[in-house]
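Below are the chains, spelled out letter by letter.
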Amino acid sequence: TQPEPVASFGAFGQEPGEFIYVTDVAVLTNDDNTIDRIYVSEYGSNDRITILDAGYNVVSTFGTFGVGMPDNASEIILNRPQSIEIDRAARELIITDSCNHRLGRFTLDGELIAWIGSPQDDTFRYPYGLLLLNNRQALVAEFGGNRLSLVDLDAGAVVRTLGVPGREPGQLASPWGLAAVGDEVFVLDSANNRI
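1. A word on the sheet that holds strand β13 (residues 147-152)
Step number 1: With respect to topology, four strands assemble into an open sheet ordered β11-β12-β13-β14, the strand pairing being antiparallel. The sheet is open, and its two edges are formed by β11 (127-132) and β14 (157-162), each paired on a single side. Averaged over all adjacent pairs, the angle separating strand axes in this sheet is 25 degrees, with direction ignored.
Step number 2: Here six bridges tie strand β12 (residues 137-142) to β13, and the two strands are oriented antiparallel to one another. Following the sheet pairing, Ala138 is matched in β13 by Val151.

Listed below in structure tokens is the structure:
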């Protein structure tokens, strides 16, 4: 039998609670494993993050479409926010702002803490996949860079890169997503049609 959804929310559009091209969802849970907040990223006219409560009601949104770094430091512009992770211990959201070639660190309410990388440098090339690791590090799959980058979130710097472009073992072509079990990391090596 076909499983039935427990709930669904959202519809096509640009108003709060409506979405265009959703890219990721992250769920913040309470200590008893109940839902506290839900974060949804999207692009294609909206290029924003929507924050919802446990009843799927919109709490707020942040971000607008933009390219580059804004003149106003408090303005949050995004160009294809692709992945969201929640660092519960630090009470932060980490977001890949893919087409602006950077990561964003935000409070759980959507206030900008810091950018890592920028459209003007080569820190990241289309960061798509994101995986938080222990000790405030993140692994980033760079779709356009054909590599993985290990990032120190507090220092705001890449510690190490892994992989080179290509089709052979150990080489990557357009890596898209990441998942981990224990010490093993699974990489979607998209253009090589393998994991």
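Structure shown, so let's carry the discussion forward.
2. Here we look at the layout of surface pockets
Step number 1: Of the voids in this model, the largest pocket is the one considered here, and its volume is about 240 Å³.
Step number 2: Contributing to the lining of the largest pocket are Leu132, Leu133, Asn134, Leu139, Leu150, Arg160, Leu162, Ala180, Gly182, Asp183, Glu184 and Val185.
Step number 3: Breaking the lining of the largest pocket down by element, the ones donating at least two residues are β14 and β18 (184-189).
Step number 4: Taken together, the residues of the lining of the largest pocket sort by class into seven nonpolar, two polar and three charged.
Step number 5: Lining of the second largest pocket is provided by Leu148, Leu162, Gly163, Gly170, Gln171, Leu172, Val187, Asp189, Arg194 and Ile195.
Step number 6: In terms of residue class, the lining of the second largest pocket is made up of five nonpolar, three polar and two charged.

3. What about the sheet that holds strand β8 (residues 92-97)?
Step number 1: The strand order across the open sheet built from four strands is β7-β8-β9-β10, with neighbouring strands paired in antiparallel fashion. Each having just a single partner strand, β7 (81-87) and β10 (112-116) make up the two edges of the open sheet. If you compare each strand with its neighbour and ignore which way they point, the axes differ by 20 degrees on average.

4. Some thoughts on the nonpolar core
Step number 1: Counting 15 residues, the largest nonpolar core has Tyr39, Ile49, Phe62, Ile84, Ile86, Leu93 and Phe106 as the members making the most contacts within it.
Step number 2: Elements that contribute at least two residues to this core include exactly β1 (22-29), β3 (48-53), β7 and β8.
Step number 3: Those residues in contact with Ile49 that lie beyond four places of it in its chain are Tyr39, Val40, Ser41, Ser60, Thr61, Phe62, Leu78, Pro81, Ile84 and Ile95.
Step number 4: Counting ten residues, the second largest nonpolar core, distinct from the first, contains Ile116, Phe124, Leu132 and Val151.

5. So, the packing of aromatic side chains
For any pair of aromatic rings, the description consists of the separation of the ring centres together with the inter-plane angle of the planes.
Step number 1: Evaluated as defined, the whole model comprises eight aromatic pairs.
Step number 2: When the ring of Phe9 is compared with that of Phe19, the centres are 6.5 Å apart and the planes differ by 70 degrees; the resulting orientation is edge-to-face. Linking Phe9 in the segment before β1 with Phe19 in the segment before β1, this pair joins segments that are ten residues apart in sequence.
Step number 3: Owing to a relative accessible area of 10%, Phe19 belongs among the buried residues under this scheme.
Step number 4: Both rings, one in Tyr128 and one in Trp176, keep their centres 4.7 Å apart while their planes meet at 75 degrees; by these two values the pair is edge-to-face. One end of the pair, Tyr128, is in strand β11; the other, Trp176, is in strand β17 (residues 175-181), with 48 residues separating them in the sequence.
Step number 5: Directly above the aromatic system of Tyr43 lies the positively charged group of Arg80, at a separation of 4.4 Å from the ring centroid.
Step number 6: Cation over ring: Arg102 sits above Trp115, and NZ or CZ is 3.5 Å from the ring centre.

6. Points about the pattern of salt bridges
Step number 1: Within this structure, the stated rule accounts for eleven salt bridges.
Step number 2: Among the salt bridges present, the one from Asp109 reaches Arg37, with a minimum N-O distance of 2.7 Å. Of this pair, Asp109 sits in the loop between β9 (102-107) and β10 while Arg37 sits in strand β2 (residues 35-42), placing them 72 residues apart in sequence.
Step number 3: Between Asp97 and Arg102 there is a salt bridge, and its shortest N-O distance comes to 2.8 Å. Here the two residues Asp97 and Arg102 agree in accessibility, since each one is buried.
Step number 4: Among the ionic contacts, a cluster of salt bridges with common partners joins Asp87, Glu92, Arg105, Arg136 and Asp154.

The rules we used
- Residues numbered from 1 in each chain as written.
- Predicted model: local features only at pLDDT ≥ 70, side-chain atom pairs only at ≥ 80, totals over all residues.
- Heavy atoms only, no water.
- Pairing = 2+ DSSP bridges.
- Helix = DSSP H or I, 4+ residues; strand = E, 2+ residues; numbered from the N terminus.
- Axes fitted to C-alpha atoms, helices over the stretch in contact; angles between N-to-C directions.
- 1 Å grid on protein atoms, 1.4 Å probe; cavity = no way out; pocket = protein on both sides within 12 Å on 5 of 7 lines; lining within 4 Å.
- Points joined across faces, edges and corners; volume = space filled by probe spheres on them.
- Nonpolar A, V, L, I, M, F, W, Y, C, P; charged D, E, K, R; others polar.
- Core = buried A, V, L, I, M, F, W, Y, C linked by side-chain atoms within 4.5 Å.
- Buried < 20%, exposed > 50% of the residue type's maximum accessible area, 1.4 Å probe, protein only.
- Contact = heavy atoms within 4.5 Å.
- Phe/Tyr/Trp six-rings, centres within 6.5 Å; stacked < 30°, edge-to-face > 60°.
- Lys NZ or Arg CZ within 6 Å of the ring centre and 35° of its normal.
- Salt bridge = Lys/Arg side-chain N within 4 Å of Asp/Glu carboxyl O.

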